[in-house]
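Descriptive analysis of the structure
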Amino acid sequence: MRVDVWSDIICPWCYIGRRRFEQALAGFEHRDQIEVVHHSFQLDPTYPAGRTELSTEMLSRKYGMDVAEAAAMESKMEATAAGEGLEYHMDGLHIGNTADAHRLVHLAASAGLQDAMVERLFRAHFTDRRSVFSPSSLAALAVEVGLDPAEVEAVLSSDRYAAEVEEDAATASRLGANGVPFFVLDMRYGVSGAQPTELFSQALTEAWDTSSYARS
């Protein structure tokens, strides 16, 4: 059975949702028969390429709060992530355009390394304080997971996979997803948000039990 997942690399709830889903999958009886496919989703596709800003500044502007309130919100996010075994460092975190990162995820998919690339980008951004925006940093991260340096350079110096990134966003829109993370199980069951692990477990069981796989 296939599970399609839409997320953005700079979305803190997406990394948490990923961990919760992984925990549910680890306890699922048919986990070896589940294929997970990642899809691109940009929280702000209009954000200028080559520019970054502090996430607290973005939150302050977006929600009309002062920077101190935004910092308090991010501190709570760190605690939530810690509850899932994730180490977040939100203080001084920058955000920017993630199109290039998503294009590398598509390249990784062609090499069977998509999940590893997604995980490395999340960890780089939230834990390691490494840029997921600059071409040089992205290239280094991609090579770390096993991608060919020449292929990585070819992608980053072109618009290769840009159409695939846009198509992922268009598909999410057609499915009614206006935020991430967004999970679709067997192209029939949608789960929106970083739901508790128990809910993901229930969704996996229900999707499997009502699928053709359970009857085969």
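The sections below set out a description of the structure shown in this document.

Definitions and cut-offs
- What you see as residue numbers is a count from 1 along each chain, following the sequence as written.
- Totals for whole chains, interfaces and linings use every residue, but because this is a predicted model, local features are given only for residues with pLDDT of at least 70 and side-chain atom pairs only at 80 or more, for both listing and counting.
- Heavy atoms from the whole structure form the basis of all side-chain values; hydrogens and water molecules are not counted.
- Relative accessible area decides the class of each residue, using a 1.4 Å probe on protein chains only: under 20% of the type maximum gives buried, over 50% gives exposed, and in between gives partly exposed.
- Runs of H or I in DSSP of at least four residues are treated as helices and runs of E of at least two as strands, each being numbered from the N terminus.
- Pairing between two strands is assigned when DSSP locates at least 2 bridges connecting them.
- Under the pairing criterion, centres of Phe, Tyr and Trp rings, with the six-membered ring standing for Trp, must be within 6.5 Å; the plane angle then separates stacked pairs below 30 degrees from edge-to-face pairs above 60, leaving the rest tilted.
- Structural elements are reduced to axes, namely lines fitted to C-alpha atoms, with helices fitted over the stretch in contact, and the angle between N-to-C directions of any two is expressed from 0 to 180 degrees.
- Each helix crossing is assigned a hand: it is left-handed if the near helix lies turned anticlockwise from the far helix by less than a right angle, otherwise right-handed if that turn is clockwise.
- Pairs of residues are marked as contacts when any of their non-hydrogen atoms sit within 4.5 Å.
- Between Lys or Arg on one side and Asp or Glu on the other, a salt bridge is scored when a side-chain nitrogen of the former is within 4 Å of a carboxyl oxygen of the latter.

Considerations on the pairing of strand β5 (residues 182-185)
Going residue by residue along β5, you find F182 and V184 tucked away on one face and F183 and L185 tucked away on the opposite face as well. Two elements, strand β1 (residues 2-7) and β5, share four bridges in a ladder whose sense is antiparallel. Pairing of D4 across the sheet is with V184, part of β5. Two successive antiparallel strands, β5 and strand β6 (residues 189-192), enclose a turn made up of three residues, where D186 displays a positive phi of approximately 60°.

Some words on the packing of aromatic side chains
A full pass over the atoms with the stated rule returns nine aromatic pairs. Taken together, a centroid distance of 5.4 Å and an interplanar angle of 35° make the contact between F21 and F183 tilted. Note that F21 is positioned in helix α1 (residues 12-26) and F183 in strand β5, a separation of 162 residues in sequence. Of the two residues examined, F21 and F183, each falls in the buried class. Relative to F200, the ring of F183 has its centre 4.7 Å away and its plane inclined at 65°; by these criteria the two rings are edge-to-face. Taken together, the residues span a long stretch of sequence, with F183 in strand β5 and F200 in helix α9 (residues 197-209) at a distance of 17 residues. Here the aromatic residues Y15, Y88, F122 and F126 are joined through ring pairs into a cluster of three or more.

Some thoughts on the packing of helix α2 (residues 55-63) against helix α3 (residues 67-82)
As a packed pair, α2 and α3 sit with axes 8 Å apart at the nearest point and diverge in direction by 115°. When you trace α2 past α3, the crossing you get is right-handed. Across the interface between the two elements, S55, T56, L59 and S60 of α2 pack against V67, A70, A71, M73 and E74 of α3.

Points about the pattern of salt bridges
A complete count under the given rule lists 16 salt bridges for this structure. As a salt-bridge pair, E144 and R120 come within 2.8 Å of each other at their nearest N and O atoms. Within this pair, whereas E144 is found in helix α6 (residues 135-144), its partner R120 is found in helix α5 (residues 114-126), the two being separated by 24 residues in sequence. Here R130 makes a salt bridge to E144, at a shortest N to O gap of 2.8 Å. Of the two residues, R130 is situated in the loop between α5 and α6 and E144 in helix α6; the sequence distance between them amounts to 14 residues.

Section: unusual backbone geometry
Cis peptide bonds are those with omega within 30 degrees of zero, and the linkage from V180 to P181 qualifies with 5°. Among the structural elements, P181 can be located in the loop between α8 (162-174) and β5. Not every positive phi belongs to a glycine, and R129 is a case in point at roughly 60°. Counting through the fold element by element, R129 comes out in the loop between α5 and α6. In this structure, Y161 takes a positive phi of about 75° despite not being glycine. Its place among the elements puts Y161 in the loop between α7 (149-156) and α8.

These values are about where atoms sit, not about what they do.
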